[in-house]
Amino acid sequence: MTHYQNILLAVDFSDQGHYVGQKAKSLAQLFNAQLHIVHVLDNIPMPDTPYGTVIALDEDSPDDLLRTEKNKLIQISDQLNIAAARRWLIWGEPQQEIIRLAEQEHIDLIVVGSHGRHGLAVLMGSTAKEILYHAQCDVLAVHL
Ligand code: AMP
């Protein structure tokens, strides 16, 4: 049986995110794997920033919205005991950046919710579907 070594949890801060996070944490414990977490900002205008820019979590930003998103990520990461070096806040297009990060960090399992903010009315949301189709590694879509 394959043992996962690096698991990436993708969070969109939707209500069911806690459930998905607990599943990812349990899997990481089961396989003794490193757990990473990512949130991709796709709704904050940052005109001079190229896609895929990693935003340092320890830097203050004048932007209230950005600060709110940072705090949410820090809070979830703290709850799941994810080390600071494995917390990722990236600006860009979610599925593209999640897949790019997974390759960069040698992730062997990506954990997403079957739907989130973008797919409440459908069986599987668009971000989850795109990741499932295009990621090079295994993908777990936690049924919500
Ligand atoms: P969706 O397909 O957009 O309904 O979302 C399904 C799942 O994809 C969510 O439960 C998250 O796990 C992940 N996801 C969606 N948007 C983002 C985002 N901006 N950043 C990180 N993960 C996301």
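Since this is a predicted model, take the numbers as computed values, not measurements.

Asks: How do you make sense of the pairing of strand β4 (residues 87-91) when you look at a structure like this?
Replies: Look at any regular strand and the pattern is simple: side chains alternate between the two faces of the sheet. For β4, a buried count of 5 out of 5 residues is recorded, marking the element as mostly surrounded by other parts of the structure. Because side chains alternate across β4, one face comprises the buried residues Arg87, Leu89 and Trp91, and the other comprises Trp88 and Ile90, equally buried. Strand direction decides the pairing type here: strand β2 (residues 34-41) and β4, joined by 5 bridges, are parallel. The partner of valine 38 across the bridge, within β4, is tryptophan 88.

Asks: I keep staring at the confidence of the model for the protein and nothing clicks. Help me out?
Replies: A low pLDDT means the predicted coordinates there should not be read in detail. Summary statistics for the protein give a mean pLDDT of 86 and a share of 78% for residues scoring 70 or more. Taken element by element, the predicted model of the protein shows its lowest mean pLDDT in strand β3 (residues 53-54) (64) and its highest in strand β1 (residues 6-10) (98).

Asks: Explanation requested: the environment of leucine 101 in the structure shown.
Replies: One can find leucine 101 in helix α3 (residues 94-104). Along the sequence, leucine 101 and valine 38 sit 63 residues apart, while their C-alpha atoms lie 8.6 Å from each other.

Asks: Looking at this structure, how should I read the side chain of asparagine 6?
Replies: Residue position: asparagine 6 is located in strand β1. From its side chain, asparagine 6 meets the backbone oxygen of histidine 106 in a polar contact 3.5 Å long. Apart from the residues lying within four places of it in its own chain, the contact partners of asparagine 6 are Ala33, Gln34, His36, Glu105, His106, Ile107, Asp108 and Leu109.

Asks: Quick question: what am I supposed to make of the side chain of serine 14 here?
Replies: If you trace the backbone, serine 14 turns up in the loop between β1 and α1 (17-31). Look at serine 14 and you get buried, because its relative accessible area is 15%. A polar atom in the side chain of serine 14 sits 2.7 Å from the side chain of aspartate 12.

Asks: Is there a simple way to think about the pattern of salt bridges in this case?
Replies: Should the charged atoms of two oppositely charged side chains come close, the side chains can pair. Applying the stated criterion to the full structure yields 3 salt bridges. One salt bridge connects lysine 72 with glutamate 69, and the closest N-O pair in it is separated by 3.2 Å. One end of the pair, lysine 72, and the other, glutamate 69, are both in helix α2 (residues 64-79), 3 residues apart, so they sit about a helical turn from each other. Residue glutamate 69 is classed as buried on the basis of its relative accessible area, which comes to 5%.

Thresholds applied
Residues numbered from 1 in each chain as written. Predicted model: local features only at pLDDT ≥ 70, side-chain atom pairs only at ≥ 80, totals over all residues. Heavy atoms only, no water. Buried < 20%, exposed > 50% of the residue type's maximum accessible area, 1.4 Å probe, protein only. Helix = DSSP H or I, 4+ residues; strand = E, 2+ residues; numbered from the N terminus. Pairing = 2+ DSSP bridges. pLDDT = per-residue confidence, 0-100. Polar contact = N/O pair within 3.5 Å; in protein donor to acceptor, adjacent residues only side chain to side chain. Contact = heavy atoms within 4.5 Å. Salt bridge = Lys/Arg side-chain N within 4 Å of Asp/Glu carboxyl O.

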